[in-house]
Amino acid sequence: MEAYTDFAALYDRFMEETPYDEWCGFLVEKLNKYGISGGLVCELGAGTGAMTRRFRDKGYDMIGIDNSDSMLAVAQEYESDDSILYLCQDMREFELYGTVGAVVSVCDSINYITEPDELCEVFKLCNNYLDPNGILIFDFNTKYKYSEIIGETTIAQVDDDAGFIWDNYYDEETAINQYDITFFTKEGSGLYRRFDETHFQRGYDLEEIKALLSKAGMVFLEAIDADTFGETEATSERIFVVAREQGK
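Rules used in this analysis
- Per chain, residue numbering runs from 1 following the sequence as it is written.
- Since the coordinates come from a predicted model, pLDDT governs what is reported: local features require at least 70, and pairs of side-chain atoms require 80 or more to be given and counted, while whole-chain, interface and lining totals use all residues.
- Side-chain measures here rest on the full set of heavy atoms in the structure, leaving out hydrogens and waters.
- A residue counts toward a patch only above 30% relative accessible area and without a salt bridge, and it is joined to like-charged neighbours within 9 Å or, for Val, Leu, Ile, Met, Phe, Trp and Tyr, to nonpolar neighbours within 5 Å.
- Only the protein chains shown count as cover for residues, and the accessible areas themselves come from Shrake-Rupley with a 1.4 Å probe.
- One speaks of a salt bridge when a side-chain nitrogen belonging to Lys or Arg is within 4 Å of a carboxyl oxygen belonging to Asp or Glu.
- For the charge count, each Lys or Arg is scored as positive and each Asp or Glu as negative, with His and the chain ends excluded.
- All charge positions are set by atom: Lys at NZ, Arg at CZ, Asp at CG, Glu at CD.
- Secondary structure elements are taken from DSSP: a helix is a run of H or I of four residues or more, a strand is a run of E of two residues or more, and numbering for both begins at the N terminus.
- Only protein chains enter the accessibility calculation, which uses a 1.4 Å probe. A residue is then buried if its area is under 20% of the maximum for its type, exposed if over 50%, and partly exposed in between.
- In this analysis, rings of Phe, Tyr and Trp, with Trp reduced to its six-membered ring, are considered paired at centre separations within 6.5 Å, and the interplanar angle assigns stacked below 30 degrees, edge-to-face beyond 60, and tilted for intermediate values.
- Look at NZ for Lys and CZ for Arg. If either is within 6 Å of the ring centre and within 35 degrees of the ring normal, a charge sits over the ring.
- Here a strand pair is declared whenever DSSP counts at least two bridges between the two strands.
- Crossovers are described as right-handed under a simple rule: with the strands pointing away from the observer, the path leading from the first strand over the helix to the second runs clockwise.
- With axes taken as lines fitted to C-alpha atoms, and helix axes fitted only over the stretch in contact, angles between N-to-C directions fall between 0 and 180 degrees.
- To sort the angles, those under 35 degrees are grouped as roughly parallel, those over 145 as roughly antiparallel, those from 65 to 115 as roughly perpendicular, and the leftovers as oblique.
- Take the far helix as the reference: if the near one is turned anticlockwise from it by less than a right angle, the crossing is left-handed, and if turned clockwise, right-handed.
- Throughout, a residue-residue contact means that at least one pair of heavy atoms, one from each residue, lies within 4.5 Å.
- Side-chain classes follow a simple rule in which Ala, Val, Leu, Ile, Met, Phe, Trp, Tyr, Cys and Pro form the nonpolar group, Asp, Glu, Lys and Arg form the charged group, and the remainder, Gly included, forms the polar group.
- Take the buried Ala, Val, Leu, Ile, Met, Phe, Trp, Tyr and Cys residues and link them wherever side-chain atoms come within 4.5 Å; each set so joined is a nonpolar core.

### Observations regarding a negative patch on the surface
Okay, step 1: Negative charge collects at one region of the surface, where Glu148, Asp171, Glu172 and Glu173 lie side by side.
Okay, step 2: Assignment of secondary structure puts glutamate 173 in the loop between strand 7 (162-171) and strand 8 (176-186).
Okay, step 3: Taking relative accessible area as the criterion, glutamate 173 reaches 76% and is therefore assigned exposed.

Okay, structure coming up:
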């Protein structure tokens, strides 16, 4: 099943607590540190464009890529001037018209690539489409988060006219995390309509990510704990990684 189809219309409502502004400010500081203060930036896994718009507002010319046309349809509803180019593409096979100064990806979009070889191909594509010395910044959920924090849990949230139930399952052997989402939206008749989606993500650790970047021809620069903005630890749940283009 394609992820984020019926759920797309409710996604932003149930992601309201995501620290988009804080993340964007931090990532822009990193881009500036490595000489990317403007120009073209591509976001992989742009979804409804929450981060894409924030980067645009910071002065970057944005391209947003996502493989869900439902999510991109929501993203385009926010636009009045077509200042962002949205492309419906699979990040494992994405194509750009030219190179960009940076590629960014947040909200654990990388974890949706469940085969390490395919993630390596994503990194190779990033290396190919980056300007010389261009920068890749992305986050990922760690194996620790899936096994020790999320594990076998159920999360539920209910609003006046919508709600969801999130059942999570993690397989230690395969490092695959499955979550089944059942959500309900109130119709005009007062009855509730039910939708179901199943998502799969893979947990990675930092050493795996470093090895895949190296195999893809990129240079690892640094890793940061996404919650503390400090050094990563064995208990880091989400990690930001910064890498540099290294030739084609």
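Here the narrative resumes.
### Section: the packing of aromatic side chains
Okay, step 1: Counting across every chain of the model gives 9 aromatic pairs.
Okay, step 2: Cluster of aromatic residues (ring-pair linked, three or more members): Trp23, Phe26, Phe229 and Phe240.
Okay, step 3: Across the ring face of tyrosine 78, the terminal group of arginine 53 is positioned such that the distance to the ring centre comes to 3.7 Å.
Okay, step 4: Residue placement shows arginine 202 over the ring face of tyrosine 204; its charged tip is 4.7 Å from the ring centre.

### Let's talk about the pattern of salt bridges
Okay, step 1: The final tally for this structure, using the stated rule, is 14 salt bridges.
Okay, step 2: With its nearest N and O atoms 2.6 Å apart, the salt bridge here joins aspartate 21 to arginine 54. Here aspartate 21 is found in helix 2 (residues 20-33), whereas its partner arginine 54 is found in helix 3 (residues 50-57), with 33 residues between them in sequence.
Okay, step 3: Take arginine 54: its relative accessible area is 26%, and that puts it in the partly exposed class.
Okay, step 4: One salt-bridge network, in which partners are shared between bridges, spans Lys30, Lys33 and Glu222.

### Here's the deal with the pairing of strand 1 (residues 39-44)
Okay, step 1: The pairing of strand 1 with strand 2 (residues 60-66) spans 6 bridges and is parallel. In the strand pairing of strand 2, glutamate 43 is matched with glycine 64.
Okay, step 2: Running through helix 3, the crossover from strand 1 to the neighbouring parallel element strand 2 is right-handed.
Okay, step 3: Two elements, strand 1 and strand 4 (residues 100-105), share 3 bridges in a ladder whose sense is parallel. Within the sheet, the bridge partner assigned to glutamate 43 lies in strand 4 and is valine 104.

### Considerations on the packing of helix 2 against helix 3
Okay, step 1: Where helix 2 contacts helix 3, the two axes come as close as 10 Å, and the packing angle between them is 50°. In terms of their interaxial angle, helix 2 and helix 3 are classed as oblique. In the packing of helix 2 onto helix 3, the handedness of the crossing is right-handed. Across the interface between the two elements, Tyr20, Asp21, Trp23, Cys24, Leu27, Val28 and Leu31 of helix 2 pack against Ala50, Met51, Arg54 and Phe55 of helix 3.
Okay, step 2: Among the residues forming the contact of helix 2 with helix 3, the class breakdown is 9 nonpolar, no polar and 2 charged.

### Description of the nonpolar core
Okay, step 1: Leu44, Leu96, Leu119, Phe123, Leu136, Phe138 and Leu213 are the most contacted members of the largest nonpolar core, which has 34 residues in total.
Okay, step 2: Of all the secondary-structure elements, those providing two or more residues to this core are strand 1, strand 2, strand 4, helix 5 (116-129), strand 5 (130-141), helix 7 (206-215) and strand 11 (238-244).
Okay, step 3: Per element, the largest residue contribution to this core is 7 residues, and it comes from helix 5.
Okay, step 4: The contact partners of leucine 44, leaving out residues within four places of it in the chain, are Ile65, Met91, Phe94, Val103, Val104, Ser105, Ser109, Val122 and Cys126.
Okay, step 5: Listed in part, the 29 residues of the second largest apolar core include Trp23, Tyr60, Leu72 and Phe240.

### Remarks on the sheet that holds strand 2
Okay, step 1: Sheet architecture is open: 7 strands sit in the order 3-2-1-4-5-11-10, paired in mixed fashion. Two strands close off the open sheet at either side, each with one partner strand: strand 3 (85-88) and strand 10 (219-225). Each strand of the sheet is rotated relative to its neighbour by a mean of 20°, with strand direction disregarded.
Okay, step 2: Two elements, strand 4 and strand 5, share 5 bridges in a ladder whose sense is parallel. In the sheet register, valine 104 faces strand 5, and the bridge partner there is isoleucine 137.
Okay, step 3: Of the strands in this sheet, strand 1, strand 2, strand 3 and strand 4 touch helix 3, which is tilted by about 170° from strand 2.

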